[in-house]
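# A closer look at the structure
Residue strings, one per chain:
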Amino acid sequence: MSDSQNSSAGGNGFHPLSSATTEGDYTLRRQAMVERQLRKRGIRDERVLAAMLSVPRHEFVPPELAGEAYDDRPLAIGHEQTISQPFMVAAMAEALQLSGSERVLEIGAGSGYQAAVLSLLAREVQTVETQEALAVSSRERLRRLGYDNVRVHVGDGTLGLADQAPFDAIVVTAAAPEIPPPLVTQLAEGGRLLLPVGTAEEQRLLRVEKRGGELSTRPLHHCRFVPLIGQYGWKPSGG
């Protein structure tokens, strides 16, 4: 599973960018992304905007797509997974309302991009990826880039990480047919759970908050993510 909107195939195991574009060029593109795609569309949390400005998105896509890393769309990262549109990453991070002290669980590590953004907003990020190859490459990438408060696990994300619970915030970066019960159980009192719920073709991003053991749910954006595979998600294709 992976952070995503529209799914398509692509490579993985990517490494530092090509020499055709300089770091200064990427910095300018990242600044334009933050101003045009995020701030002008209503992202107001300055910590989220600063994190999006800091994380080098081009390091989290295959080398042949590095020049498109700051475009206003998702990009393929392999294994039928994608890296989400920048606005969706920022909108999800903002909706979690992180102050910096939280323990966050992410379901769907993908290339590690959203985990990197969250790592600048929270104390600790635990992320679960069902595709072992993606987990291995994202773990190496996050370590190489210095995001030391992220831990990448391989497993069924719909089951969460019971041995690490509770979590102050949980974000699911793949589409679920319903809210996985283990994630509700692992959410701390006062915690926020963010996930896309709906059909395999179209979903609504939901913000769920736990207060007094009760859940309150608020719908946010319409979206389209790759399917969440697992016991409380969708069955693998052909399975």
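Each residue is numbered by its place in its chain's sequence as written, counting from 1. Only residues with pLDDT of 70 or above have their local features reported here, since the model is predicted, and side-chain atom pairs are shown and tallied only from 80 upward, although totals for entire chains, interfaces and linings are computed over all residues. The side-chain numbers reported here are obtained from all heavy atoms of the structure, hydrogens and water having been left aside.

### Quick look at the overall build of the protein
Heads up, the rule is: Note on conventions: DSSP H or I runs of at least 4 residues are helices, E runs of at least 2 residues are strands, and numbering of each starts at the N terminus. Our radius of gyration is a C-alpha quantity, and the globule rule it is checked against amounts to 2.2 Å times the number of residues to the power 0.38. Relative accessibility decides the category of a residue: with a 1.4 Å probe and only protein chains considered, values under 20% of the type maximum give buried, values over 50% give exposed, and everything between is partly exposed. Here a residue-residue contact requires only that any non-hydrogen atoms of the pair lie within 4.5 Å. Only four residue types enter the tally: Lys and Arg on the positive side, Asp and Glu on the negative side; His and the chain ends are excluded. Charge coordinates come from a single atom per side chain, which is NZ of Lys, CZ of Arg, CG of Asp or CD of Glu.
A tally of helices and strands in the protein yields six helices and nine strands. For 239 residues, the compact-globule estimate of 2.2 N^0.38 gives 18 Å, and the C-alpha radius of gyration of the protein, at 16 Å, lies within 12% of that figure. Looking at the protein as a whole, 54% of its 239 residues qualify as buried. Counting only contacts in the protein whose residues sit at least 6 apart along the sequence, the fraction spanning at least 24 positions is 62%. Computing the positive centroid from 25 side-chain charges and the negative centroid from 29, the protein places the two 4 Å apart.

### A look at the nonpolar core
How we decide: The nonpolar core is taken to be a set of buried Ala, Val, Leu, Ile, Met, Phe, Trp, Tyr and Cys residues, with the residues joined through side-chain atoms within 4.5 Å.
Judged by nonpolar contacts, the single largest core of 53 residues is most densely connected at M52 and Y113. Looking at this core, the element that brings in the most residues is helix α3 (residues 86-95), giving eight residues. Among residues more than four places away in sequence, those in contact with M52 are R30, M33, V34, L38, P86, V89, A90, Y113 and V117. Formed by 19 residues, the second largest nonpolar core is a distinct cluster that contains I107, I170, L187 and V208.

### Observations concerning the pattern of salt bridges
Rules: Salt bridges are defined by distance alone: a side-chain nitrogen of Lys or Arg within 4 Å of a carboxyl oxygen of Asp or Glu.
Summed over all chains, the structure comprises 11 salt bridges. For E59, the salt bridge goes to R144, with nearest N and O atoms at 3.6 Å. Of this pair, E59 sits in the loop between α2 (46-54) and β1 (75-78) while R144 sits in helix α5 (residues 132-144); the two residues are 85 residues apart in sequence, bridging distant segments of the chain. R144 sits in the partly exposed class, given a relative accessible area of 28%. Three or more residues joined by partner-sharing salt bridges are found here, namely E35, R39 and E46.

### Quick look at the pairing of strand β9 (residues 214-223)
How we decide: Pairing between strands is defined by DSSP: at least two bridges between them are needed.
Sheet topology note: the strand β8 (residues 203-211)/β9 ladder contains eight bridges and is antiparallel. In the sheet register, E209 faces β9, and the bridge partner there is S216. Count of turn residues in the β8/β9 antiparallel hairpin: two residues, of which G212 carries a positive phi of about 60 degrees.

### Here we look at the sheet that holds strand β5 (residues 150-154)
What counts here: In this analysis, axes come from line fits to C-alpha atoms, helices being fitted only over the stretch in contact, and the angle between any two N-to-C directions falls in the range 0 to 180 degrees.
Overall, mixed pairing links the seven strands, which are arranged β5-β4-β3-β6-β7-β8-β9 in an open sheet. Strand pairing shows two members of the sheet lacking a second neighbour, β5 and β9, which therefore form its edges. Going across the sheet, the axis of each strand differs from the next one's by a mean of 15 degrees, ignoring polarity. Bridge count between strand β4 (residues 124-129) and β5: five bridges; the pairing is parallel. Residue pairing in the sheet places Q126 in a bridge with R151 of β5. Running at roughly 160 degrees to β9, α3 makes contact with β6 (167-172), β7 (187-198), β8 and β9 of the sheet. The strands touched by α5 within the sheet are β4 and β5, with β5 carrying the most contacts at an inclination of about 165 degrees.

Geometry only, nothing functional implied.
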